[in-house]
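The residues making up each chain are set out below.
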Amino acid sequence: PSLEEEPIACAFVAELMNFAGAIKGKEIGQDNTHKTLIVTINNTLVRFRQNLHSSKEDSVNASRQSWFIEAEFAVLKYLIDMRHVQLLDSTLLMDFAFSLIGRLSVGHEMMAFFIFSQDDLFSIPDVLNDTESMTSHTKSLQMALLSELCNASSRRAQLEHSACLHYSSNGLQPRPFQLRSLRSSADVIIASGIGALDERSLLPMGKTWLWNLVSSTVEVPKDSLKMAAFPEASNAVTNASDILSQTLKLLLHLEAASLESCHSSRVDKGTKLYHITNVFLYPEEVLSAIERTASALFRMLYDSESSNTNASTLVRDFITACYNHSRISKDKKPATPQSSDELSDDTYATSVFTQGQHSSHGPWRDELRALEDFVSDICESYLEHGGQYESFSMCLRLLLRHDFPPKVISDILTKLHPILNLLTIKEDRESMHSSLMQSVSGGLPSLDASRRDPSSVLDAFAAALKKRDRELSREDYIYLLAITVLSRNLASSSQRCECGLEAMKKRLAGISSAVIYDVFQVSKLLLESAAGTKENLIRATLDTCLNSSSYLFLQDVDEQNKWAWNKSLEDTVWIDAVTFLRKNECRKSK
């Protein structure tokens, strides 16, 4: 409809739903009015869900958005009142309601109160155990949300004001307007950011409201004696764990029910992965209670995004979510200017984040700083937990992908150097192949036009292979990734850049001859492949490193001596190795 027709259409829908609700006493068998209406609404919701990705709803003006919200709430209220008819999918109804919550704004508190009061919307099947329902286990989350709407005098006043605007059947009768409940008061508090946290209106919550619950803050006494001395602290931890667990199960249910659900599709994969990664920052007392559900949700997102999401887009969305979240927990302070030297190593990566944008304040400096702080916290938590959670290791693998800034990758490899072997999990070759494909930027740059890896990343991977108390095995994930990255850049340098070969020689100094042998073998296989693709590179790495017969110390003595890497023979061995590499190269022109 046109702009002039929109408010009329929305008002018609709202009045139609109110009328339908007024005649809901009729039996379905006697009158098909309700059945026809519900089926029509259901089909409309399904079509809307299918066309969601082409929707420009987020850019709709706030005034126009309010028309749609009031009409949609009237539809939702009618469907909830008619839920006994069993004609509407319960998950679709839940999805519709939660999507609407994300678009509510100041003045819609009564709508939020109504939705949060519906027990059926918080009753979900146990996806992990395949039990029929877990109605009694969602009360903590539901009560927490209701409490947030009225846990302060200013919020109660705003709720009363909203009740005057919107009809409610929940016991709050409309009252005459009072100055203290005017909507403008809440608007001023939100716009200015002044006052204590509990003085601010809960709305708007935004489309990521459920995911924001996952990345909330839980304070736990570090001293176990204090925990025992204060039962209220223990109760707070238990309650927080319950709320987080229920939120995760709700999200898992929505993700599992449909990969194109309204609520789920409005939130991009990078944002979801950022918030679920935050789970691993919780203290052990909380994490141990929610880890199973968090792992299931992370794996679902991690596995589904590999084939459906552009890697650069995912990383950009991840960093944006990290920055937006950091602004909630930190005071707004003027950004500290960064020197050009600090940015030089990361400048190349910022093209990933600023595609189509022309920024006057540098390459996402604040966003990158927020990401670096987050990664530092994640690494400290991983060290604290000792890598005991497999899904936590997968989170770190995600952050090692080539599209993340070089400094982030280097910091992870440096901070986790003593326990990099723990990033290895139980998986078959196909799964390892998929993980490496996501982590590497390309094959031979001369053939597939992929970019070369920055020197800081190459240095970090080389350092991961030396100076270790415990050597990485050839089956370890970091070993395979390091061999892949170093081999790719060695093969590229052998084609076009003598200075690159010299840098690689210095980089590999101090690494055992067996590791250098693997690097050259993989480089040789890559150069011998006519296409030189990333697929060829990963296959070469796995064929070499997962094959025990290709291990240097299982070769004959002459071959082992040929690759003996020590100070006196360093130059000779290197020259022979590069000659060996170039002799076996099969250029594309051939």
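Residues numbered from 1 in each chain as written. Predicted model: local features only at pLDDT ≥ 70, side-chain atom pairs only at ≥ 80, totals over all residues. Heavy atoms only, no water.

## Notes on the overall build of the protein
A count of helical and extended segments in the protein gives 28 helices and zero strands. Per-residue burial for the protein yields a buried fraction of 51% across its 590 residues. Excluding contacts between residues fewer than 6 apart, the proportion of contacts in the protein whose partners are at least 24 apart in sequence is 77%. Just so you have it, the protein exposes about 28,100 Å², and 52% of that area is on carbon and sulfur atoms. (Helix = DSSP H or I, 4+ residues; strand = E, 2+ residues; numbered from the N terminus. Buried < 20%, exposed > 50% of the residue type's maximum accessible area, 1.4 Å probe, protein only. Contact = heavy atoms within 4.5 Å. Areas by Shrake-Rupley, 256 points an atom, 1.4 Å probe, with all protein chains shown as cover.)

## A few points about helix 23 (residues 477–496)
An ideal rise of 1.5 Å per residue puts 28 Å on 20 residues; helix 23 measures up with 29 Å between its terminal C-alpha atoms. Of all 20 residues in helix 23, 18 are buried, a share of seventy percent or more. (Expected span 1.5 Å × (residues − 1).)

## Some words on the pattern of salt bridges
Going through the model one piece at a time under the given rule, you end up with 15 salt bridges. Across the salt bridge formed by arginine 103 and glutamate 72, the nearest N and O atoms sit 2.5 Å from each other. Here arginine 103, found in the loop between helix 4 (90–101) and helix 5 (109–116), pairs with glutamate 72, found in helix 3 (residues 62–81); they are 31 residues apart in sequence, far enough to count as distant. The pair arginine 103 / glutamate 72 is uniform in exposure class, with both members buried. (Salt bridge = Lys/Arg side-chain N within 4 Å of Asp/Glu carboxyl O.)

## Some words on the packing of helix 19 (residues 406–415) against helix 22 (residues 455–464)
The contact between helix 19 and helix 22 brings their axes to 9 Å, and the two run at 15°. It follows that helix 19 is roughly parallel to helix 22 by the angle criterion. Crossing hand, helix 19 versus helix 22: left-handed. Of helix 22, the residues touching helix 19 (which contributes Pro406, Ile409, Ser410 and Leu413) are Ser456, Val457, Ala460 and Phe461. In terms of residue class, the contact of helix 19 with helix 22 is built from six nonpolar, two polar and no charged. (Axes fitted to C-alpha atoms, helices over the stretch in contact; angles between N-to-C directions. Parallel < 35°, antiparallel > 145°, perpendicular 65-115°, else oblique. Left-handed = near helix turned anticlockwise from the far one by under 90°. Nonpolar A, V, L, I, M, F, W, Y, C, P; charged D, E, K, R; others polar.)

## Considering the side chain of histidine 402
Looking at where histidine 402 falls in the secondary structure, it is placed in the loop between helix 18 (390–399) and helix 19. Under the relative-accessibility criterion, histidine 402 is labelled buried at 15%.

## So, the nonpolar core
General note: in soluble globular proteins, nonpolar side chains tend to be found buried as a group. Ranked by internal contacts, the top residues of the largest apolar core, which has 151 residues, are Phe98, Phe116 and Ile276. Per element, the largest residue contribution to this core is 11 residues, and it comes from helix 23. Ignoring sequence-local partners within four residues, the contact set of phenylalanine 116 consists of Ile101, Phe122, Gln142, Leu145, Leu146, Leu149, Met205 and Trp209. (Core = buried A, V, L, I, M, F, W, Y, C linked by side-chain atoms within 4.5 Å.)

## A closer look at a negative patch on the surface
Judged by side-chain charge, Glu284, Glu285, Asp377, Glu380 and Glu384 come together as a negatively charged surface patch. The set of elements that each furnish at least two residues to the negative patch consists of helix 14 (284–308) and helix 17 (365–385). At three residues, helix 17 tops the list of elements feeding residues into the negative patch. On the basis of relative accessibility, which here comes to 65%, the residue glutamate 384 falls in the exposed class. (Patch = residues over 30% accessible without salt bridge, like charges linked within 9 Å, V, L, I, M, F, W, Y side chains within 5 Å. Lys, Arg positive; Asp, Glu negative; His and termini not counted. Charge placed at Lys NZ, Arg CZ, Asp CG, Glu CD.)

## Quick notes on the packing of helix 5 against helix 6 (residues 139–149)
At a closest axis distance of 9 Å, the pairing of helix 5 and helix 6 adopts a crossing angle of 160°. Taken together, the axes of helix 5 and helix 6 lie roughly antiparallel to each other. Pair helix 5 / helix 6 crosses with left-handed handedness. Of the residues in helix 6, those in contact with Glu109, Ala112, Phe113 and Phe116 of helix 5 are Gln142, Leu145, Leu146 and Leu149. A per-class count over the contact of helix 5 with helix 6 returns six nonpolar, one polar and one charged.

## Observations concerning the environment of isoleucine 69
Summarising the element assignment, isoleucine 69 is placed in helix 3. Given a relative accessible area of 1%, isoleucine 69 falls into the buried group. Separated by 31 residues in the primary sequence, isoleucine 69 and leucine 100 have C-alpha atoms spaced 7.2 Å apart. Not counting residues up to four positions away in its chain, the partners in contact with isoleucine 69 are Leu100, Arg103, Leu104, His108 and Met111.

## Looking at a nonpolar patch on the surface
On the surface, a nonpolar cluster with roughly 320 Å² of combined accessible area is contributed by Phe12, Leu16 and Phe19. Looking at the element boundaries, phenylalanine 19 is found in helix 1 (residues 6–22).

## Structural notes on the packing of aromatic side chains
Evaluated as defined, the whole model comprises 15 aromatic pairs. Ring geometry for tyrosine 274 versus phenylalanine 318: centroids 5.5 Å apart, planes at 90°, classification edge-to-face. Here phenylalanine 318 lies in helix 15 (residues 311–329) and tyrosine 274 lies in helix 13 (residues 269–277), a separation of 44 residues in the sequence. Owing to a relative accessible area of 2%, tyrosine 274 belongs among the buried residues under this scheme. Consider the rings of tyrosine 517 and tryptophan 563, whose centres lie 5.3 Å apart with planes at 80°: the pair is edge-to-face. Of this pair, tyrosine 517 sits in helix 25 (residues 513–528) while tryptophan 563 sits in the loop between helix 27 (557–562) and helix 28 (570–583), placing them 46 residues apart in sequence. Taking the relative accessible area as the measure of exposure, tyrosine 517 reaches 6% and is therefore buried. Taken together, the aromatic side chains of Phe98, Phe116, Phe122 and Trp209 make up a single cluster linked through ring pairs. (Phe/Tyr/Trp six-rings, centres within 6.5 Å; stacked < 30°, edge-to-face > 60°.)

## Re the side chain of glutamine 142
Within the secondary structure, glutamine 142 is located in helix 6. We classify glutamine 142 as buried; its relative accessible area is 2%. A polar contact is formed between the side chain of glutamine 142 and the side chain of aspartate 119, at a distance of 2.8 Å. Leave out the neighbours within four places in its chain, and glutamine 142 touches Phe116, Ser117, Gln118, Asp119 and Phe122. (Polar contact = N/O pair within 3.5 Å; in protein donor to acceptor, adjacent residues only side chain to side chain.)

## A short note on the environment of leucine 400
Of note, leucine 400 is situated in the loop between helix 18 and helix 19. As for leucine 400 and leucine 481, which are separated by 81 residues in sequence, their C-alpha atoms are 9.6 Å apart. Leucine 400 has contacts with Ile409, Ile412, Leu413, Leu423, Ser439 and Ile478, leaving out every residue within four places of it along the chain.

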